Amino acid sequence: MSDTTKTRGGRILDRIEQIGNALPDPVVIFLILIALLIAVSAATSAIGWSAAHPLTGEVMRTQSLLSEANVARLLTDMAGTLTAFPPLGLVLVVMLGAAVAEKSGLFASLIGRAMERAPARALTPFTFLVALASHHASDAAYVVLIPLAAVAYVQAGRHPLLGVAVAYAGISGAFAGNIIPGQFDVLMLSITEAAAKLIEPDYVMNPLGNWYFTAALGFGLLPIAWWVADRVVEPRLGTWRPSAEMADLAAHAPGLSTAQKRGFAAAGVAALGVVALFAALVFWPGYSPLINEGATGAERQTPFFRALIAGFFLLFLSTGWAYGAVTGVFKTHRDVVKAMGSGVAVMAPYLVVAFFAAHFIAMFQWSNIGPVLAVNGAAALTATGLPAPALLGALLSMSAVFDIVIGSASAKWSAMAPIVTPMMMMVGVSPEMTTAAYRMGDSIFNIITPAASNFVLVLSMAQRWSKDFGIGSLIALMLPFSICFGLFGFCLVIGWTALALPVGPGAPATWPAL
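Residues numbered from 1 in each chain as written. Predicted model: local features only at pLDDT ≥ 70, side-chain atom pairs only at ≥ 80, totals over all residues. Heavy atoms only, no water.

**Student:** Give me the lowdown on the overall build of the protein, citing residues and values where you can.
**Tutor:** Secondary structure summary: the protein contains 22 helices and two strands in total. Within the protein, the proportion of its 514 residues that are buried is 50%. A separation of at least 24 residues holds for 80% of the contacts in the protein among residues at least 6 apart in sequence. Total accessible area on the protein stands at roughly 22300 Å², and carbon and sulfur atoms take up 66% of it. (Helix = DSSP H or I, 4+ residues; strand = E, 2+ residues; numbered from the N terminus. Buried < 20%, exposed > 50% of the residue type's maximum accessible area, 1.4 Å probe, protein only. Contact = heavy atoms within 4.5 Å. Areas by Shrake-Rupley, 256 points an atom, 1.4 Å probe, with all protein chains shown as cover.)

**Student:** Which residues make up the pattern of salt bridges, and what values do they have?
**Tutor:** According to the stated counting rule, one finds three salt bridges in the structure shown. The residue Arg158 makes a salt bridge to Asp230 at a minimum N-O spacing of 2.9 Å. Of the two residues, Arg158 is situated in the loop between α8 (139-155) and α9 (160-173) and Asp230 in helix α11 (residues 211-237); the sequence distance between them amounts to 72 residues. A single network of salt bridges, built from pairs that share partners, joins Arg158, Asp230 and Glu234. (Salt bridge = Lys/Arg side-chain N within 4 Å of Asp/Glu carboxyl O.)

**Student:** Describe the nonpolar core, with residues and values.
**Tutor:** Counting residues in each nonpolar core, the largest one holds 118 residues, and the members touching the most others are Phe128, Ile146, Phe213, Met433, Met478, Phe481 and Phe485. Ranked by the residues each element gives to this core, the list is headed by helix α16 (residues 348-367), at eleven residues. (Core = buried A, V, L, I, M, F, W, Y, C linked by side-chain atoms within 4.5 Å.)

**Student:** Give me the lowdown on the packing of α9 against α11, citing residues and values where you can.
**Tutor:** Interaxial distance between α9 and α11 falls to 10 Å at its minimum, and their mutual angle equals 140°. Relative to α11, the element α9 is oriented oblique. The way α9 lies across α11 gives a crossing that is right-handed. The residues of α11 that touch α9, namely those facing Leu161, Leu162 and Val166, are Ala229, Val233, Glu234 and Leu237. Across the contact of α9 with α11, the residue classes tally to six nonpolar, no polar and one charged. (Axes fitted to C-alpha atoms, helices over the stretch in contact; angles between N-to-C directions. Parallel < 35°, antiparallel > 145°, perpendicular 65-115°, else oblique. Left-handed = near helix turned anticlockwise from the far one by under 90°. Nonpolar A, V, L, I, M, F, W, Y, C, P; charged D, E, K, R; others polar.)

**Student:** Please provide a residue-by-residue account of unusual backbone geometry, values included.
**Tutor:** Located in the positive-phi region is Asn368, a residue other than glycine, with phi close to 65°. Positive phi values are uncommon outside glycine, yet Ala500 reaches one of about 55°. Mapped onto the elements, Ala500 comes out in the segment after α22 (471-499). A relative accessible area of 40% means that Ala500 is categorised as partly exposed.

**Student:** So what's going on with the packing of α9 against α22? Residues and values would help.
**Tutor:** Their axes nearest at 10 Å, the elements α9 and α22 cross at an angle of 35°. The way α9 lies across α22 gives a crossing that is right-handed. Taken together, the residues of α22 that come into contact with α9 (itself represented by Leu161, Ala165, Val166, Tyr168, Ala169 and Gly173) are Leu477, Met478, Phe481 and Phe485. Of the residues that constitute the contact of α9 with α22, the class distribution is nine nonpolar, one polar and no charged.

**Student:** Can you break down the packing of aromatic side chains residue by residue, with the values?
**Tutor:** Tallied over the entire structure, the rule returns nine aromatic pairs. Aromatic pair Phe128 and Phe485: ring centres 5.9 Å apart, planes at 65°, arrangement edge-to-face. One end of the pair, Phe128, is in helix α7 (residues 123-133); the other, Phe485, is in helix α22, and 357 residues separate them in sequence. With a centroid separation of 6.1 Å and 65° between ring planes, the pair formed by Tyr203 and Trp511 is classed as edge-to-face. You can see Tyr203 sitting in the loop between α10 (183-196) and α11 and its partner Trp511 sitting in the segment after α22, a full 308 residues away along the chain. Judged by relative accessible area, which is 6%, Tyr203 ranks as buried. (Phe/Tyr/Trp six-rings, centres within 6.5 Å; stacked < 30°, edge-to-face > 60°.)

**Student:** Describe the side chain of Ser443, with residues and values.
**Tutor:** Inspection of the secondary structure puts Ser443 in helix α20 (residues 431-443). Assessed through its relative accessible area of 1%, Ser443 is described here as buried. Look past the residues within four positions of Ser443 in its chain and what remains in contact with it is Ser172, Gly173, Phe175, Ala176 and Asp403.

**Student:** Describe a nonpolar patch on the surface, and please don't skip the residues or the numbers.
**Tutor:** A cluster of nonpolar side chains, Val28, Ile32 and Leu36, forms an exposed patch at the surface whose accessible area comes to about 250 Å². Counting through the fold element by element, Ile32 comes out in helix α2 (residues 26-47). Take Ile32: its relative accessible area is 44%, and that puts it in the partly exposed class. (Patch = residues over 30% accessible without salt bridge, like charges linked within 9 Å, V, L, I, M, F, W, Y side chains within 5 Å.)

Honestly, that's just the spatial picture; any functional story needs more than this.
And the structure:
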């Protein structure tokens, strides 16, 4: 790449970074949204904005948030508004278990073991697949996998920055491609649940509601990442000529200890125990509390899907505890409890944002703007004659644009879901399909925007191998992945919707249009 090109790219990125840094904290963003919501509710209530419910014919009118009833509700039920926020309890429960698995070292060791066994000829797809599987490891995936990938590529005689790029693309650029559902699926779909209830009060969140789509996305991106890395990125990087210090670093990459390998065996036994427990609660003759015997069809599995929150908690807790006990990280049960406490501490920033997000969503519901906007918006969308795939394509594009300057996927979805989810339900798109389209758009630019929370971290890791590697260098390195991932994801969303494929178990892509 020429210096002129780098300078031009640097100027563009500097401008993006300035815009991203100029945005206020998500808490302030929600405060601004709440202020706007109050003003809009008062104005629309004054002009009598309304819509007829398509099922009952009932006239729905917007309500001013400055009315006596709504002001009293805000001040007297503030604690209840927070605790009623659907994602709050679900995420905290899963994180209690995930914290034990992370603090025990299980997540990091799993990544390390996977990279230790990486085949030289298929290093790129193997690294990308490990990155996909490491989504549930949170920040541990960045801290552990990316440096290990760089070392693995050096040991294979290839450029370490290619290892950085492949791992980063799999962790962040393909973040919507969860092969195995986990806590992020629970978080996003629980936000969707609150929004869907504006139209269907009995709607129940399915934690596996995006699984088929996210798994297909992950496996579909695998050959694309392989091609981009080996045919586009690697030729541009050229041959890496290490300094003596870098060569020594690569030669002394640590392997897994005997204790860690024994820990894996113990964690495997614990995982099988959890799976066996849930299988018994589903299939045991005469005793199946996770099956609704009085229901028919997919509704029979509803208790099982709802119990998956507890399942993730037990899986992470038991495997992490078993691994930590064998490796010596956990000496007593007090160490496990301490690890769970650290998980809650890590969630403190989320709790702060959740307080304001919960009130924004609740106040949006009190104002009745959501259903009225959904009905009128759905009528306008229907009048355009655009098919559902085109509408979801527009949602994906909007999500991608917002991702350039706003890093938090859950914060953006908390603000967008109450509007787009009911609107898409009205035109026949299920809440799960809408969520999948949003998640795809939200991950496209993760790897090329300085607003992403881990962008600077990855940059510093790359600079360890190339001292003059700058922001423009990282964006140029990752841009081919971003473009190809975005094009594939866009086509997948359009095709999935057009074919009306199920988004997950018991989660159709369509919804009865109103």
